[in-house]
Amino acid sequence: MSAAHARPAPDPALAARAQRLTPGNDGEPDAAAEQLRNFLYDYGHCLDDDRLEDWPAFFAENGSYRIIPRENLDRGMTFALMFLENRNQLRDRVLVIRKALVYAPRMYCHLIGSIRCRQGADSGRFDLRASCAVYATDIVEGTSKLFAAGRYDGQVAANADGLQFTRLDLILDTSSVDRQMPIPL
Amino acid sequence: MARWERLVWPASDFSRVPTGIFIEPEVFEREQERIFQGPVWLFLGLEAEIPEPGDYFTTFGGVTPLVVNRAEDGRIHVFVNRCSHRGALVVRDLRGRQSRHICAYHRWCYDLRGSLVGTPFRRGVEGKGGLPPGFDRREHGLRPLRVASYRGAIFASFDPHPEPLPDYLGPPMRRMLDRLFCKPIEILGHLRHRVDGNWKAYFENLNDSIHAGLLHRLPVMLGLWSNTQEGAIETDPLGRHAHYYVKYEEDDSALMGPGKSPSGQALRLADHAFIDARDEWGDRVSTDTLSLFPNVMFAQVSNFLITEQIRPKSAEEFELLTTVFGYADDDPDLRLMRQRQVAWLGPAGYVGIEDNEAGNLIQRASRGQSYAHSYIGYGGVGPIGDTDHLVSEVSVRGFWRYYCYLMGYQPQDGPPLDPATWAAEAVS
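Every value quoted in this text rests on a predicted model; they were computed, and no experiment measured them.

Draft legend 1. How the structure looks around the overall build of chain A. Tallying secondary structure elements over chain A gives four helices and seven strands in all. Counting helices and strands in the order they occur from the N terminus, chain A gives α-α-β-α-β-α-β-β-β-β-β. Split into buried and exposed, the 185 residues of chain A put 50% on the buried side. Sequence separation of at least 24 residues holds for 58% of the intrachain contacts in chain A that already meet a minimum separation of 6. Accessible surface, chain A: about 9,100 Å² in total, of which carbon and sulfur atoms supply 51%.

Below, the structure written as structure tokens:
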């Protein structure tokens, strides 16, 4: 590597600021931000591993899950293509996927990044935003393609059970879904 | 012989369909000319999407990009979204409000009726360049389509002299639309998905009621569906459209709310919210669908109200645009009910997912099999008409007969296709 590409020495003022504001965190202790990031990564890994039965446990009992096309949201319409209001409905979704539904089995790969979390209005609650890209792999063909791009917009509560979503919305940039979206993202 | 011509229709009752019809690019190109730009009415959207003058949305008629807008006088105009100068796309977004449409390439400007009203450098610069002296703007408007609405549903035709829209629809179809659009509506949102399949396989699916209890296992497992339910399939006199309805049981047991779950369910849900339904019309009709040749389904499924526009992209791909609506006087509970019932249809709906899968399964199995045939026999072969039961795919044959007529296909074992004789055949 030439000297021109070498990283410049850190500016002390910037370094101090970076310490106060860890990436994705406004003034919260690093540990909480780290926990929230890992929570979101675990969420993605759960779906990527096809552990759908574990997916509802990421939500509080009254936690909601929606997938809203951004095309609708940008016009002030919140109409969702997947709309689940509580953990029971999330469990039902998984039950139907496992016991009844005819669909193309695909492997999913979540890439979650640009995570921002902020202390919510109540203590122990955090507002969370992250970007996400989900690749889908056709198991028969063996080919992968970008299936969905969008952002997570959610609220997480810290309680005795650990972290749980009290609300998670996936705002979907990919307005025209590739064939079907049976599995939550 | 062209590839499209080599596909053979052996039976005049259209009980056998050549597989190549789903995959041959030549067939797809011919469909664009003979069907989508032919003597049919294409569904383009709802008037409620463009309530004010200047409101517009872009859509497709077959593969052709179209602009639908409301002019100053309140009338709706539809034109091909292609500048008459050098052929660039004029309107580049999904929807909006504009008093003029201006092509970005050379700034040709059109009014809301598609007439050319502005051309830059018409007289050139300092006497050089410019358009020829005889240039007449009136000869260079956007290509207009014929437009007609029925109950707020906008249709257009490339044919300068199509049959009147009410006649094209026919009485049973008009009755369905009268019921669905019985009062002012409000658009709730759009859902879209692309299926790696052929648009006609989707149309077959819409016109086939027997698959409902076979492919879609969830409604059966929940005790919401049986093939013995009261229902019927009606067609128009030419058998090209299909209206299909199912009624709730007399005792309303299918109108389930939480705590009303029927016994004997094969699947126990913890929360029945998405099954909870209201009989809004007081006629016990739980499912009411209408497929209109060649590009739309209108549907009421419980309280989920939609139009579904079919947009062919190629022989191997189509997009479905689902427009979800409610009535302007909906109470909040009903609005919530409509949102919950998205569990059934759309890209993540339990029934929608499976219909899309069926379309793809046909596509994958069709490759290399252009000269094989599929078989359509439920509900009997022979004359095409109405059935008073749901164990039928008769209206799938009706779709193919009109399709063949427009495409110039002739069945091998009968006289030349003549729509004038079809209505009489259905009665006999």
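Draft legend 2. Summary view of the overall build of chain B. The number of helices and strands found in chain B is nine helices and 19 strands. For 428 residues, the compact-globule estimate of 2.2 N^0.38 gives 22 Å, and the C-alpha radius of gyration of chain B, at 23 Å, lies within 12% of that figure. Relative to its full complement of 428 residues, chain B shows a buried share of 59%. For chain B, long-range pairs separated by at least 24 residues make up 65% of all intrachain contacts whose partners lie at least 6 apart in sequence. Side-chain charges in chain B split into 46 positive and 56 negative, and the spacing between the mean points of these groups amounts to 8 Å.

Draft legend 3. Representation of a negative patch on the surface. All names here are of chain B. On the surface, a cluster of negative charge is contributed by E5, E26, E29 and E33. Positionally, E5 belongs in the segment before β1 (16–18). E5 sits in the partly exposed class, given a relative accessible area of 40%.

Draft legend 4. Molecular detail of the side chain of S175 of chain A. Locating S175 of chain A in the fold gives a position in the loop between β6 (162–172) and β7 (176–178). On the accessibility criterion, S175 of chain A (15% relative accessible area) is buried. In this structure, S175 of chain A is in contact with E71 of chain A together with R192 of chain B, ignoring residues within four places of it in sequence.

Draft legend 5. Local environment of the interface of chain A and chain B. Across the contact, 34 residues belong to chain A and 39 residues belong to chain B. For the pair chain A and chain B, the two sides together bury roughly 3,300 Å², of which 55% comes from carbon and sulfur. Looking at the side of chain A facing chain B, the largest losses of area belong to F79, V102 and R179 of chain A, adding up to 23% of the total buried there. Viewed at the interface, chain B and chain A are joined by four salt bridges. As a salt-bridge pair, E357 of chain B and R179 of chain A come within 3.0 Å of each other at their nearest N and O atoms. Scanning the region where chain A abuts chain B turns up 23 residue pairs in polar contact (both at pLDDT 80 or more). Breaking the side of chain A that touches chain B down by element, the ones donating at least two residues are α3 (70–73), β2 (82–84), α4 (87–99) and β7 of chain A. Examining the composition of the side of chain A that touches chain B, we find that seven residues originate from one element, α4 of chain A, more than from any other. Here the residues of the side of chain A that touches chain B sort into 18 nonpolar, eight polar and eight charged.

Draft legend 6. Representation of helix α6 (residues 332–340) of chain B in the model. All of the buried residues along α6 of chain B are L334, M337, R338, Q339 and R340 of chain B. The inward-facing, buried residues of α6 of chain B abut β2 of chain A together with β12 (185–195), β17 (304–314) and β18 (317–327) of chain B. Backbone nitrogen of D333 of chain B and a side-chain oxygen of the N-cap are separated by 3.1 Å at the start of α6 of chain B; the cap is D331 of chain B.

Draft legend 7. The arrangement of the pattern of salt bridges in detail. This structure, assessed with the given rule, holds 41 salt bridges over all chains. The residue R106 of chain A makes a salt bridge to D178 of chain A at a minimum N-O spacing of 3.6 Å. Taken as a pair, R106 of chain A in strand β3 (residues 106–119) and D178 of chain A in strand β7 lie far apart in primary sequence, 72 residues in all. With respect to burial, R106 of chain A and D178 of chain A carry one shared label: buried. In this structure, the salt-bridge partner of R167 of chain A is D153 of chain A, at a minimum N-O distance of 3.2 Å. Taken together, the residues span a long stretch of sequence, with R167 of chain A in strand β6 and D153 of chain A in strand β5 (residues 144–159) at a distance of 14 residues. Judged by relative accessible area, which is 27%, R167 of chain A ranks as partly exposed. For D153 of chain A, a relative accessible area of 26% gives the class partly exposed. What emerges from the salt-bridge pattern is a single network uniting E186, E280, D330, R335 and R338 of chain B.

Draft legend 8. Layout of the packing of aromatic side chains. A full pass over the atoms with the stated rule returns 39 aromatic pairs over all chains. Centre to centre, the rings of W55 of chain A and Y65 of chain A are 5.3 Å apart; their planes meet at 90°, and the pair counts as edge-to-face. Taken as a pair, W55 of chain A in the loop between α2 (30–48) and β1 (59–69) and Y65 of chain A in strand β1 lie far apart in primary sequence, 10 residues in all. In this structure, W55 of chain A and Y65 of chain A share a single accessibility class: buried. Seen in terms of ring centroids, F293 of chain B and F399 of chain B are 5.3 Å apart; in terms of plane orientation they differ by 45°. Their pairing is tilted. Within this pair, whereas F293 of chain B is found in the loop between β15 (285–292) and β16 (296–301), its partner F399 of chain B is found in helix α8 (residues 394–407), the two being separated by 106 residues in sequence. Just as F293 of chain B is buried, F399 of chain B falls in that class too. The ring of Y402 of chain B carries the charged tip of R240 of chain B above its face, separated from the ring centre by 4.9 Å. Its end group placed over the ring of F60 of chain B, K313 of chain B keeps NZ or CZ at 3.7 Å from the ring centre.

Draft legend 9. Expanded view of the domain arrangement of chain B. Residues and elements named next belong to chain B. When its domains are assigned, chain B resolves into domain 1 (42–148) and domain 2 (171–427). Between the C-alpha centres of domain 1 and domain 2 the distance comes to 35 Å. Taken over both partners, the interface formed by domain 1 and domain 2 buries close to 1,100 Å², and the fraction arising from carbon and sulfur atoms is 64%. Summed over the three residues of domain 1 that lose the most area to domain 2, namely F43, L46 and F60, the buried surface amounts to 48% of that side. The interface formed by domain 1 and domain 2 includes zero salt bridges. Where domain 1 touches domain 2, the interface holds seven residue pairs in polar contact (both at pLDDT 80 or more).

Rules of the game
Residues numbered from 1 in each chain as written. Chains lettered and ligands numbered in written order. Predicted model: local features only at pLDDT ≥ 70, side-chain atom pairs only at ≥ 80, totals over all residues. Heavy atoms only, no water. Helix = DSSP H or I, 4+ residues; strand = E, 2+ residues; numbered from the N terminus. Buried < 20%, exposed > 50% of the residue type's maximum accessible area, 1.4 Å probe, protein only. Contact = heavy atoms within 4.5 Å. Areas by Shrake-Rupley, 256 points an atom, 1.4 Å probe, with all protein chains shown as cover. Rg over C-alpha atoms; globule rule 2.2 N^0.38 Å. Lys, Arg positive; Asp, Glu negative; His and termini not counted. Charge placed at Lys NZ, Arg CZ, Asp CG, Glu CD. Patch = residues over 30% accessible without salt bridge, like charges linked within 9 Å, V, L, I, M, F, W, Y side chains within 5 Å. Salt bridge = Lys/Arg side-chain N within 4 Å of Asp/Glu carboxyl O. Buried area = accessible area lost by both parts, 1.4 Å probe. Polar contact = N/O pair within 3.5 Å; in protein donor to acceptor, adjacent residues only side chain to side chain. Nonpolar A, V, L, I, M, F, W, Y, C, P; charged D, E, K, R; others polar. Phe/Tyr/Trp six-rings, centres within 6.5 Å; stacked < 30°, edge-to-face > 60°. Lys NZ or Arg CZ within 6 Å of the ring centre and 35° of its normal. Domains from an automatic or database assignment.

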